[in-house]
Amino acid sequence: MIDRQTRKRLLKTVANRVIACADELTDLDRAIGDGDHGANMRRGFEAVLAAVDDLSAKSFGESLKGVGTTLVMKVGGASGPLYGTLFLSLGKSLADEVDREQVVDAFVAAIEAVKARGKSDIGQKTMLDVLYPVLGVLRESGEDLPARLKTVARLAAESTIPMKAIRGRASFLGERSIGHMDPGARSAALMVDAVVDVMEGFA
Ligand code: ADP
Ligand code: MG
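Parameters and conventions
Residues numbered from 1 in each chain as written. Chains lettered and ligands numbered in written order. Predicted model: local features only at pLDDT ≥ 70, side-chain atom pairs only at ≥ 80, totals over all residues. Heavy atoms only, no water. Helix = DSSP H or I, 4+ residues; strand = E, 2+ residues; numbered from the N terminus. Rg over C-alpha atoms; globule rule 2.2 N^0.38 Å. Contact = heavy atoms within 4.5 Å. Lys, Arg positive; Asp, Glu negative; His and termini not counted. Charge placed at Lys NZ, Arg CZ, Asp CG, Glu CD. Buried < 20%, exposed > 50% of the residue type's maximum accessible area, 1.4 Å probe, protein only. Polar contact = N/O pair within 3.5 Å; in protein donor to acceptor, adjacent residues only side chain to side chain. Donors = N, O, S within 2.8 Å, 3.2 Å for Na, K, Ca; no water. Expected span 1.5 Å × (residues − 1). Near = heavy atom within 4 Å. Areas by Shrake-Rupley, 256 points an atom, 1.4 Å probe, with all protein chains shown as cover. Salt bridge = Lys/Arg side-chain N within 4 Å of Asp/Glu carboxyl O.

Section: the overall build of the chain
Piece 1. Helices and strands together make up the secondary structure of the chain, namely ten helices and zero strands.
Piece 2. Listed N to C, the secondary structure of the chain is α-α-α-α-α-α-α-α-α-α in terms of helices and strands.
Piece 3. Taken against the 2.2 N^0.38 rule, which gives 17 Å for 203 residues, the C-alpha radius of gyration of the chain at 16 Å falls within 12% of a compact globule.
Piece 4. Of the contacts formed within the chain by residues at least 6 apart in sequence, a portion of 67% connects residues at least 24 apart.
Piece 5. Within the chain, one finds 27 positive and 28 negative side-chain charges whose respective centroids are separated by 5 Å.

Notes on the environment of G84
Piece 1. By secondary structure assignment, the location of G84 is in helix α6 (residues 79-93).
Piece 2. Here the alpha-carbon distance between G84 and A113, two residues 29 residues apart in the chain, equals 10 Å.
Piece 3. Other than its neighbours up to four places away in sequence, G84 contacts G68, L71, V72 and S79.

Regarding unusual backbone geometry
Piece 1. Positive phi is not limited to glycine here, since K125 has a value of about 65 degrees.
Piece 2. Assignment of secondary structure puts K125 in the loop between α7 (100-118) and α8 (128-139).
Piece 3. The phi angle at D144 is positive, at roughly 45 degrees, despite the residue not being glycine.
Piece 4. Assignment of secondary structure puts D144 in the loop between α8 and α9 (145-159).
Piece 5. We classify D144 as partly exposed; its relative accessible area is 48%.

A short note on the side chain of S187
Piece 1. Relative to the helices and strands, S187 resides in helix α10 (residues 183-200).
Piece 2. Residue S187 is classed as buried on the basis of its relative accessible area, which comes to 0%.
Piece 3. Among the polar contacts made by the side chain of S187, one reaches the main-chain carbonyl oxygen of G184 at a distance of 3.1 Å.

Notes on the coordination of the magnesium ion (ligand 2)
Piece 1. Coordination sphere of the magnesium ion (ligand 2), protein contribution only: D29 (OD), D34 (OD) and D36 (OD), at 2.0 to 2.2 Å.
Piece 2. Counting along the primary sequence, the residues that act as donors to the magnesium ion (ligand 2) give the motif D-x4-D-x1-D.
Piece 3. By relative accessible area, D34 is classed as partly exposed at 37%.

Some points on α6
For an α-helix, 3.6 residues make a turn, and residues three or four places apart therefore share a direction.
Piece 1. Its 15 residues place the ends of α6 21 Å apart at the C-alpha level, agreeing with the 21 Å of an ideal helix rising 1.5 Å per residue.
Piece 2. Along α6, eleven of the 15 residues are buried, which leaves the element largely enclosed by surrounding structure.
Piece 3. Taken residue by residue, α6 has S79, G80, L82, Y83, G84, T85, L86, F87, S89, L90 and G91 as its buried positions.
Piece 4. Looking at the buried residues of α6, the elements they touch are α3 (37-50), α5 (60-74), α7, α8 and α10.

Quick word on the side chain of T85
Piece 1. In this structure, T85 sits in helix α6.
Piece 2. Owing to a relative accessible area of 15%, T85 belongs among the buried residues under this scheme.
Piece 3. Discounting residues that sit within four places of it in the chain, T85 has contacts with A113, V114 and R117.

Quick notes on the site of ligand 1
Piece 1. Around ligand 1 there are 20 residues in total, and A78, S79, G118, S120 and D182 lie nearest to it.
Piece 2. The contact in question runs from an oxygen atom of ligand 1 to an N or O atom on the side chain of H37, over 2.9 Å.
Piece 3. Here an oxygen atom of ligand 1 sits 2.5 Å away from a polar atom, N or O, in the side chain of S79.
Piece 4. In isolation ligand 1 has 560 Å² of accessible area, and contact with the protein removes 94% of it.

A closer look at the pattern of salt bridges
Piece 1. The full count for this structure, using the stated rule, is 17 salt bridges.
Piece 2. Measuring nitrogen to oxygen at the nearest pair gives 3.5 Å for the salt bridge that ties D121 to K115.
Piece 3. The exposure class assigned to K115 is buried, which follows from its relative accessible area of 18%.

Considering the environment of L11
Piece 1. Assignment of secondary structure puts L11 in helix α1 (residues 4-20).
Piece 2. According to the relative accessible area criterion, L11 is buried, its value standing at 9%.

Below is the structure:
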């Protein structure tokens with residue numbers, strides 16, 4: 001059951017983690033983009049924090065949609081509409097009572113929505129290269145799911161280092177995008193890590 005207190009903790013923890021890592025995201029984006037991913041994400045999640053009481057007062061689905069709308073309005077860049085789409089889609093699928101299978105279905109739909117919005121796919125050095133492997137682990141039931149989710153998020157973000165960017169601003173660099181972690185992959189991994197910590201009761 002994702003009650004109001006859990007919703008609030010989830011939103012606050014995700015927002016605070018992203019904000020705390022804004023400089024790191026900016027450095028990653030400076031290497032293969034225009035150096036604004038950290039500032040973009042900080043602006044978006046500061047707006048989420050400012051509205052956290054109102055957002056978490058709503059049902060889980062509505063609060064996720066509210067996060068999506070806030071990110072679309074505040075983040076800007078390519079990542080704003082894409083993360084906005086992700087949260088809006090998750091909000092459409094998820095209710096206060098959730099089990100793993102519902103989260104899997106919601107994640108499938110959300111990844112499809114991001115792909116459609118970004119005209120992008122797996123292997124193009126984007127946030128999708130974290131979201132998709134995380135979905136893969138979510139599909140597997142069994143013990144130590146939290147630890148496996150955190151590990152896959154980290155490794156998947158690292159797996160973008162040798163990739164050549166095919167979508168987004170980094171694709172302008174062609175071969176020179178190789179050798180750097182994708183900033184959106186890193187921000188996606190940060191969010192997965194934060195969600196898992198809250199669901200495990202560590203945050
Ligand atoms: P911008 O590229 O407009 O400056 P940001 O720096 O905020 O926007 O976000 C860049 C991140 O957005 C990239 O690292 C990548 O993960 C993600 N991204 C960009 N374009 C796409 C796309 N078409 N599909 C999926 N993700 C994308
Ligand atoms: Mg950028």
